[in-house]
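Residue-level structural notes
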Amino acid sequence: EVSVAQDVEHAGIIGFCMGGGFALRHAATGADFDAVSVNYGMVPNADLSRICPVVGSYGELDRIFLPQAARLVELLDKADLEHDIKVYPGVGHSFLNQHEGWQEAVTRLPSPMAIGYDEAAAEDAWTRIFAFFEKHVA
């Protein structure tokens, strides 16, 4: 079942990894969002000048997606848009996700993304995301 809210005054969008890139791209279209959260996602080749405020979290050890954090900050600074982008030291990709079963086994494989959950970084990131959404969406 799908529920659709009617007469919504405020909305935010959040994405992780590929979904983070999709969230940025969609918000950049001028869609009616009050905030977007991107977590270790690609920055799309899109005009970000109409994007809503952005909160983002990246892992320092994620050699694939870490450059996206600096690119995002540069683009948002250039457009003079509000943002809170943080790189978490000592963690890699997917640090917000608690992995179970086969997914947990994948986190032990060698990877340039250094995949793995980190409780302290995840708690801080969620605190930042919720505070950012409380400010812009609530």
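Before any of the text, the structure's been laid out above.
Residues numbered from 1 in each chain as written. Predicted model: local features only at pLDDT ≥ 70, side-chain atom pairs only at ≥ 80, totals over all residues. Heavy atoms only, no water.

Structural notes on the pairing of strand β1 (residues 12–16)
- The two faces of β1 differ: Ile-13 and Gly-15 on one face are buried, but Gly-12, Ile-14 and Phe-16 on the other face are not.
- Pairing analysis gives 5 bridges linking β1 to strand β2 (residues 35–39), with the strands arranged parallel. Note on β2: the bridge partner recorded for Gly-15 is Val-38.
- What joins β1 to β2 is helix α1 (residues 18–28), and the crossover it makes is right-handed. (Buried < 20%, exposed > 50% of the residue type's maximum accessible area, 1.4 Å probe, protein only. Helix = DSSP H or I, 4+ residues; strand = E, 2+ residues; numbered from the N terminus. Pairing = 2+ DSSP bridges. Right-handed = clockwise from strand over helix to strand, strands pointing away.)

Some words on the pattern of salt bridges
- A full pass over the atoms with the stated rule returns 3 salt bridges.
- Put simply, Lys-135 and Glu-82 hold a salt bridge, and the shortest N to O gap is 2.9 Å. Of this pair, Lys-135 sits in helix α4 (residues 119–136) while Glu-82 sits in the loop between α2 (66–78) and β4 (83–88), placing them 53 residues apart in sequence.
- A salt bridge links Asp-124 to Lys-86; its shortest N-O distance comes to 2.9 Å. Placement of the pair is Asp-124 in helix α4 and Lys-86 in strand β4, with a sequence separation of 38 residues.
- With a relative accessible area of 28%, Asp-124 lands in the partly exposed category. (Salt bridge = Lys/Arg side-chain N within 4 Å of Asp/Glu carboxyl O.)

Things to note about unusual backbone geometry
- One non-glycine residue, Tyr-40, lies in positive phi territory at about 45 degrees.
- Of note, Tyr-40 is situated in the loop between β2 and β3 (54–59).
- Tyr-40 gets classed as buried once you look at its relative accessible area, which sits at 1%.
- One non-glycine residue with positive phi stands out, namely Ser-94, at about 65 degrees.
- Relative to the helices and strands, Ser-94 resides in the loop between β4 and α3 (102–107).

Considering α1
- All of the buried residues along α1 are Gly-20, Gly-21, Ala-23, Leu-24, Ala-27 and Ala-28. The buried residues of α1 occupy an angular sector of 160 degrees when the element is viewed end-on, so they sit on one face. Exposed and facing more than 90 degrees away from the buried side of α1 are Met-18 and Phe-22.
- Those residues of α1 hidden inside the fold are in contact with β1, β2, β3 and α2.
- Of the residues flanking the end of α1, it is Gly-30, one or two places downstream, whose phi is positive at about 90 degrees. (Arc of directions from axis to C-beta. Contact = heavy atoms within 4.5 Å.)

Description of the nonpolar core
- Formed by 27 residues in total, the largest nonpolar core has its most connected members in Leu-24, Val-36, Ile-51, Val-54, Tyr-58, Leu-72 and Phe-95.
- Contributing elements (two or more residues each) for this core: α1, β2, β3, α2, β4 and α4.
- Ranked by the residues each element gives to this core, the list is headed by α1, at 4 residues.
- Listed in part, the 6 residues of the second largest apolar core include Ala-35, Val-55, Ile-129 and Phe-133. (Core = buried A, V, L, I, M, F, W, Y, C linked by side-chain atoms within 4.5 Å.)

A short note on the packing of aromatic side chains
- Considering all chains together, one arrives at 5 aromatic pairs under this definition.
- Plain terms: the ring middles of Tyr-88 and Phe-95 are 5.1 Å apart, the flat faces sit at 50 degrees to each other, and that makes the pair tilted. Pair check on accessibility: Tyr-88 and Phe-95 agree, each one buried.
- Measuring from centroid to centroid gives 5.5 Å for Trp-126 and Phe-130, while their planes differ by 25 degrees, and the two rings are stacked. With Trp-126 and Phe-130 both in helix α4 and 4 residues apart, this pair spans about one turn of that helix.
- Note on Trp-126: relative accessible area 29%, which makes it partly exposed.
- Site record: aromatic cluster; members linked through ring pairs are Phe-16, Tyr-40, Tyr-88, Phe-95, Trp-126 and Phe-130. (Phe/Tyr/Trp six-rings, centres within 6.5 Å; stacked < 30°, edge-to-face > 60°.)

None of this, on its own, says anything about what the molecule does.
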